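# Observations on the model geometry
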Amino acid sequence: ERADSRKPRKRGFFLTAVVVFFRLVVTLALLVSSFLAGIAGGVVWHFVEQVSVFEPRMVQHLEMGALVIDARGQPIGRAGGADRWLVDYESLPPHFLEALVAAEDQRFFEHRGFDPLGMARATVVNYRAGEIREGASTLTQQLARNAFGLEGRSIYRKVLEIFLAVKLELHYSKEEIVEHYLNRVYWGSGADGLGAAALIYFAKPPSGLTVGESALLSGIIRSPSTLSPFVDRSAALDRRDAILRRMHHQGYLDAGELERELAEDLDFADSPAETMARQQRKHLLLRAAKESRDLVAFPDPGYLTIETSIDFALQCHAAEAMNRHLDRLEEEKRGPAETTPLQAALLMVENTTGEVVASVGTRDFDASEFDRVWNLKRPAGSAFLPVVYAAAFDSGKLAPSSLVLDAPIDNREVMLGGTSGILGEWSTEDSGNRWDGRIPAAQALRESKNSPTVRVGFQVGLDALGEVAARLGIETELRPYPGTFLGATEIGLTELTRAYTAFANDGRPAPRPGMIRTIRTRSGEVLYARKGEETPPRGIGSQTARRIADLLQLEGEGSGFLGGKSSTTAEYT
């Protein structure tokens, strides 16, 4: 009986112990969950506070340059900031949106800012591939990262990005998020935003993009510096094909459409003429930004329109002509083994106003951004001779018919290229040391004869020559030795071109050359107008100007009233 009476007590003790243990576990679990919930709540509250300082409307504030238009009213691009062309959601072809979500965010229209399923899928795909093939950030997260300048790869930054993405989704529709995203993303090769990318890569607006072009552009986003077709065409096309297959997998393309798109050969805007135009556009925008900043002070170039005197079509023709000329020189003079390209500069201005019609300061902007029109000074060589003869004719000491001596002259008197020997000839008109004795001054100028020009210069004097040169618009101080008579002083192309305008403009040089006509705000306020430029005083007499112009007139059928002067320096360049 005692044994039987002890059994219930054992069972009761065991059950009691189990119950106590269970309660203890539950209590601990509740404590742990409460603790974790507290931590989670604190973390959430922290990030809610962090994102409160970010204003959603910041995504609408885009860095943009001033709109630059040419003399025909055609846009060249944007200067002084991002060369960005805004697009709106309604103008996008449906297949572009399909390519975009296939490439970057397959569940964009389902999630609310971040996508746990997409993150898990990307993790698995990347793990299996052994490389990053899919991104884990949604379009909204990428927009948040871009708009709010989030940097680094820390977990903290990623969580902040997610909270900001959720906040953006609460303030903007999906369509607005896509629009802001596409206008912000960098697409490589200098393209800020989809509008610029479509123009740079395919010479068309986004509304005209084909399926294949849309897939290629959507594929660039992941790595614009390496997937640009202008950087690695093969890689860009491989990425396009991958996006097309994703579009097929997601039901946007059927099997036949996929095969046709994979076989399509895209027509990139990379022909020599298109490449030249793109380079000249970047070159002019850089110049427009520099010149406009020298004229007015403005805090936000995105609110400005800059009207220029540039004829962009003529600019491109001039650049192509210059390039052909340099190609020919390289082939003739340097041979195919020479890898360093020749460079040149070309400036065209309107004679009376000084407005720049074309300004080609570099042969290849991608290889060299240095602007040789505005920033380089070189010896003018025999192109300076008209200034010397203009000073002589204007002084009354000489006339075109006056005889001047073409005979050997001791180089110690000229001090050009050394102080010994006899001054020779190096002009393109006459490369030999032929002495013609007494010849008319007109002939000496036409044939770029060195020794008579030096003798004419001695009659004029260096001080008087410097005064005439300054009145013609040459601002560089001439070097005080006789070699200056033969163009030994380094001067800028803008100075020399301005001096030549006086010969065609009745002795009065044009105002300082410039390409900016007007600068206006978005509201129409005029901040600068070139028509207010003062007309310079007369530099030489009208009769002298006409004489020089006549002597520089080109001969031959069809030359009309064209005039000009070739130039060679003492180094035969």
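In the block above lies the structure referred to throughout.
Before going into details, it helps to say that this report is about the structure given with it. (Residues numbered from 1 in each chain as written. Predicted model: local features only at pLDDT ≥ 70, side-chain atom pairs only at ≥ 80, totals over all residues. Heavy atoms only, no water.)

Looking now at the overall build of the chain. When you go through the chain residue by residue, the secondary structure sums to 19 helices and eleven strands. Expressed as a percentage of its 573 residues, the buried residues of the chain come to 46%. Within the chain, residue pairs in contact and separated by at least 24 positions form 68% of the contacts whose partners lie at least 6 positions apart. Split by element, the accessible area of the chain, about 29,100 Å² in all, is 55% carbon and sulfur. (Helix = DSSP H or I, 4+ residues; strand = E, 2+ residues; numbered from the N terminus. Buried < 20%, exposed > 50% of the residue type's maximum accessible area, 1.4 Å probe, protein only. Contact = heavy atoms within 4.5 Å. Areas by Shrake-Rupley, 256 points an atom, 1.4 Å probe, with all protein chains shown as cover.)

This next bit is on the environment of S402. Within the fold, S402 resides in the loop between α14 (385-395) and β7 (403-406). Between the C-alpha atoms of S402 and I439, which are 37 residues apart in sequence, the distance is 8.0 Å. Residue contacts for S402: discarding those within four places in its chain leaves I439, P440 and A441.

Take the pairing of strand β4 (residues 346-349) next. Residues L347 and V349 point to one face of β4 and are all buried, whereas L346 and M348, pointing to the other face, are not buried. For β4 and strand β5 (residues 356-360), the ladder comprises four bridges, and the chain directions are antiparallel. Paired with L346 across the strands is V360, a residue of β5. Linking two consecutive strands that pair antiparallel, namely β4 and β5, is a turn of six residues; a positive phi of about 80° is found at G354 within it. (Pairing = 2+ DSSP bridges.)

Let's shift gears to the packing of helix α7 (residues 194-202) against helix α8 (residues 211-220). It is at 11 Å that the axes of α7 and α8 come closest, and there the two elements cross at 120°. On the basis of the axis angle, α7 is oblique to α8. The two elements α7 and α8 cross, and the hand of that crossing is right-handed. Residues L194, A197, A198, Y201 and F202 of α7 pack against E213, L216, L217 and I220 of α8. Considered class by class, the residues forming the contact of α7 with α8 number eight nonpolar, no polar and one charged. (Axes fitted to C-alpha atoms, helices over the stretch in contact; angles between N-to-C directions. Parallel < 35°, antiparallel > 145°, perpendicular 65-115°, else oblique. Left-handed = near helix turned anticlockwise from the far one by under 90°. Nonpolar A, V, L, I, M, F, W, Y, C, P; charged D, E, K, R; others polar.)

The next point concerns the sheet that holds strand β10 (residues 516-521). The sheet built from five strands is open, its strands ordered β2-β1-β3-β10-β11 with mixed pairing. Every interior strand has two partners, whereas the edge strands, β2 (75-79) and β11 (526-529), have only one. Ignoring strand direction, the axes of neighbouring strands in this sheet form an average angle of 15°. Here strand β3 (residues 304-308) runs beside β10; their pairing, made up of five bridges, is antiparallel. By the bridge assignment, T308 is partnered in β10 with I516. Strands β1 (66-69), β2, β3, β10 and β11 of the sheet are contacted by helix α12 (residues 272-295), whose axis makes an angle of about 55° with β2.

This part covers unusual backbone geometry. Look at S189: it is not a glycine, yet its phi comes out positive at around 55°. Secondary-structure assignment places S189 in the loop between α6 (174-184) and α7. Positive phi outside glycine occurs at D506, with the angle close to 60°. Here D506 shows up in the loop between α18 (493-504) and β10. With a relative accessible area of 34%, D506 lands in the partly exposed category.

Moving on: the pattern of salt bridges. Following the criterion strictly, the structure yields 25 salt bridges and no others. Among the ionic pairs, D436 bridges to R434, the shortest N-O distance being 3.0 Å. Residue classification places D436 among the partly exposed residues on the basis of a relative accessible area of 27%. The network of salt bridges with common partners includes D406, R434, D436, E447 and K449. (Salt bridge = Lys/Arg side-chain N within 4 Å of Asp/Glu carboxyl O.)

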